[in-house]
Amino acid sequence: MAVLNITPDSFSDGGQLFNSAVKMDAVIDQAARFVEAGAHILDVGGESTRPGADPVPEHLELERVIPVIEALSTRFDCVLSVDTSTPSVMQQSAEQGAHCINDVRALTRDNALEVAAATGLPVCLMHMQGTPQTMQVAPTYDDPVRTVLDWLMQRVAACLEAGIEADQVALDPGFGFGKTLAHNLALFQNLNAFVKTGYPIMIGVSRKRMIGELTGQPVEQRAVGSAVAAALAVQAGVHVVRVHDVEATRDALAVWQGISQGMQ
Ligand code: 7PM
């Protein structure tokens, strides 16, 4: 899954996309490069969930995301994910051809469960402790693996109750969302506990602080560290890796796949 951030302040590609206004051609070119490089899913988001970031008003998120979903769905036949917590964005994205919903707030906003269920789309539920404004202040857990897993399973129960089918749910431990390096490493070392739930597991560690802390590299130099982490996650049974550096990840996964399968 390739990250397509439609935000002016994104640390990844978004910054280049927004020198003046929404540059649709640049968004489409970036999406084409991701697909060419081997991405299977494009994750379109219009809200920065960066630690400390201000909330994006609903009208701005709609303005950023909906035209992009519409443009991509007519041009590419790859899977289109919408990265949003906002019910109106879920609903209009579904109408414009989105195939799945990726919600870092796990459908906890008012009406999100109902609206997501009504779209009939698959949903990815992510764990976050706190809010983007406060989550990295002093995250604490007795047992991060247990806490995150239990919370996600409660959100699964809420989804089932709202009429979302069990086979339409994926789970994400939410690396970096209200977690210290120690918490992130404990979650990574125990990815099999998430895999054992039987739900598809998605993770996002690409370019995150965790990779910076392990490599000493600034955000623009984290592709190698991120690709190694993606390969290790897939080896642990993770189904979807959300990444910024598609080529580096593709190569890391090709090497993992070759070595793990051997000569056929
Ligand atoms: C600024 C800082 C912009 C951080 C974006 C981010 C995840 C996600 C994000 C994840 C799922 C990033 C984050 N992270 N969705 N959305 N899982 N499911 O690093 O880990 O891309 S936003």
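Residues numbered from 1 in each chain as written. Predicted model: local features only at pLDDT ≥ 70, side-chain atom pairs only at ≥ 80, totals over all residues. Heavy atoms only, no water.

Student: Would you take a moment to explain the overall build of the chain for this structure?
Tutor: Looking only at helices and strands, one finds 11 helices and eight strands in the chain. On C-alpha atoms alone, the chain measures out to a radius of gyration of 17 Å, which is about the 18 Å that the 2.2 N^0.38 rule sets for 264 residues. Over its C-alpha atoms, taken along the principal directions, the chain stretches across nearly 40 × 40 × 40 Å. By the burial criterion, 51% of the 264 residues in the chain qualify as buried. Of the roughly 12100 Å² that the chain leaves accessible, carbon and sulfur atoms contribute 52%. With 17 positive and 30 negative side-chain charges, the chain shows a spacing of 6 Å between the two charge centroids. (Helix = DSSP H or I, 4+ residues; strand = E, 2+ residues; numbered from the N terminus. Rg over C-alpha atoms; globule rule 2.2 N^0.38 Å. Buried < 20%, exposed > 50% of the residue type's maximum accessible area, 1.4 Å probe, protein only. Areas by Shrake-Rupley, 256 points an atom, 1.4 Å probe, with all protein chains shown as cover. Lys, Arg positive; Asp, Glu negative; His and termini not counted. Charge placed at Lys NZ, Arg CZ, Asp CG, Glu CD.)

Student: I tried to follow the site of the ligand on my own but got confused; where do I start?
Tutor: Not every one of the 15 residues close to the ligand is listed here, only the nearest: Asn102, Asp172, Met202, Lys208 and Arg242. Take Arg242: an N or O atom from its side chain is 2.7 Å from an oxygen atom of the ligand. Partitioning the shell around the ligand into residue classes produces five nonpolar, five polar and five charged. (Near = heavy atom within 4 Å. Polar contact = N/O pair within 3.5 Å; in protein donor to acceptor, adjacent residues only side chain to side chain. Nonpolar A, V, L, I, M, F, W, Y, C, P; charged D, E, K, R; others polar.)

Student: Please explain the domain arrangement of the chain as it appears in this structure.
Tutor: How big an interface is tends to be expressed through the accessible area that disappears when the partners come together. The domain boundaries assigned to the chain delineate domain 1 (1–103), domain 2 (126–203) and domain 3 (206–264). Each side of the interface is counted separately: domain 1 has 14 residues, and domain 3 has 11 residues. Taken together, the two surfaces of domain 1 and domain 3 that pack against each other cover about 1000 Å², and 61% of this comes from carbon and sulfur. On inspection of domain 1 and its partner domain 3, the count reaches two salt bridges. One salt bridge in this structure joins Arg242 and Asp83, with 3.1 Å as the shortest N-O distance. At the boundary of domain 1 and domain 3, one finds six residue pairs in polar contact (both at pLDDT 80 or more). (Domains from an automatic or database assignment. Contact = heavy atoms within 4.5 Å. Buried area = accessible area lost by both parts, 1.4 Å probe. Salt bridge = Lys/Arg side-chain N within 4 Å of Asp/Glu carboxyl O.)

Student: Sorry if this is basic, but what is going on with the packing of helix 4 (residues 87–95) against helix 5 (residues 112–119) here?
Tutor: Angle between the axes and distance between the axes are the two parameters that describe a pair of packed helices. Where helix 4 meets helix 5, the axes come as close as 9 Å, and the angle between the chain directions of the two elements is 5°. One finds that helix 4 runs roughly parallel with respect to helix 5. Residues Pro87, Met90, Gln91 and Ala94 of helix 4 touch helix 5, and the partners they reach there are Ala112, Val115, Ala116 and Thr119. When grouped by side-chain class, the residues that make up the contact of helix 4 with helix 5 number six nonpolar, two polar and no charged. (Axes fitted to C-alpha atoms, helices over the stretch in contact; angles between N-to-C directions. Parallel < 35°, antiparallel > 145°, perpendicular 65-115°, else oblique.)

Student: Would you explain the packing of helix 6 (residues 144–161) against helix 7 (residues 181–189) in this entry?
Tutor: Between helix 6 and helix 7, the shortest axis-to-axis distance is 9 Å and the interhelical angle comes to 70°. Comparing their axes, helix 7 and helix 6 come out roughly perpendicular. Between helix 6 and helix 7, the residues in contact are Pro144, Val145 and Val148 and His183, Ala186 and Leu187, respectively. Its residues assigned to classes, the contact of helix 6 with helix 7 comprises five nonpolar, one polar and no charged.

Student: What exactly am I supposed to notice about the pairing of strand 5 (residues 123–126) here?
Tutor: Looking along a regular strand, one sees side chains alternate from face to face of the sheet. Where burial is concerned, the two faces of strand 5 agree: the one with Val123 and Leu125 and the one with Cys124 and Met126 are both buried. Examined bridge by bridge, strand 4 (residues 100–103) and strand 5 share three bridges and lie parallel to one another. The residue bridging Ile101 from the neighbouring strand is Val123, located in strand 5. Pairing of strand 5 with strand 6 (residues 169–172) involves four bridges; the strand directions are parallel. Counterpart to Cys124 in the pairing with strand 6 is Ala170. In this fold, strand 5 hands off to helix 6, which returns the chain to strand 6; that crossover is right-handed. (Pairing = 2+ DSSP bridges. Right-handed = clockwise from strand over helix to strand, strands pointing away.)

Student: Would you mind showing me how to read helix 10 (residues 223–235) here?
Tutor: The α-helix winds at 3.6 residues per turn, so residues separated by three or four positions along the chain end up facing the same way. The end-to-end C-alpha distance of helix 10 is 18 Å, a good match for the 18 Å that 13 residues give at a rise of 1.5 Å each. Of all the residues in helix 10, the buried ones are Gly225, Ser226, Ala227, Ala229, Ala230, Ala231, Ala233 and Val234. Check the buried side of helix 10 and you find it contacts helix 7, helix 8 (191–195), strand 7 (202–203), helix 9 (209–215), strand 8 (240–241) and helix 11 (246–261). After helix 10 finishes, the residue Gly237 shows a positive phi value of roughly 110°. (Expected span 1.5 Å × (residues − 1).)

Student: Sorry if this is basic, but what is going on with the environment of Ser226 here?
Tutor: Tracing the backbone through its elements, the reader meets Ser226 in helix 10. Note on Ser226: relative accessible area 5%, which makes it buried. For Ser226, the contacting residues outside a window of four places in its chain are Val205, Ser206, Arg207 and Ile211.

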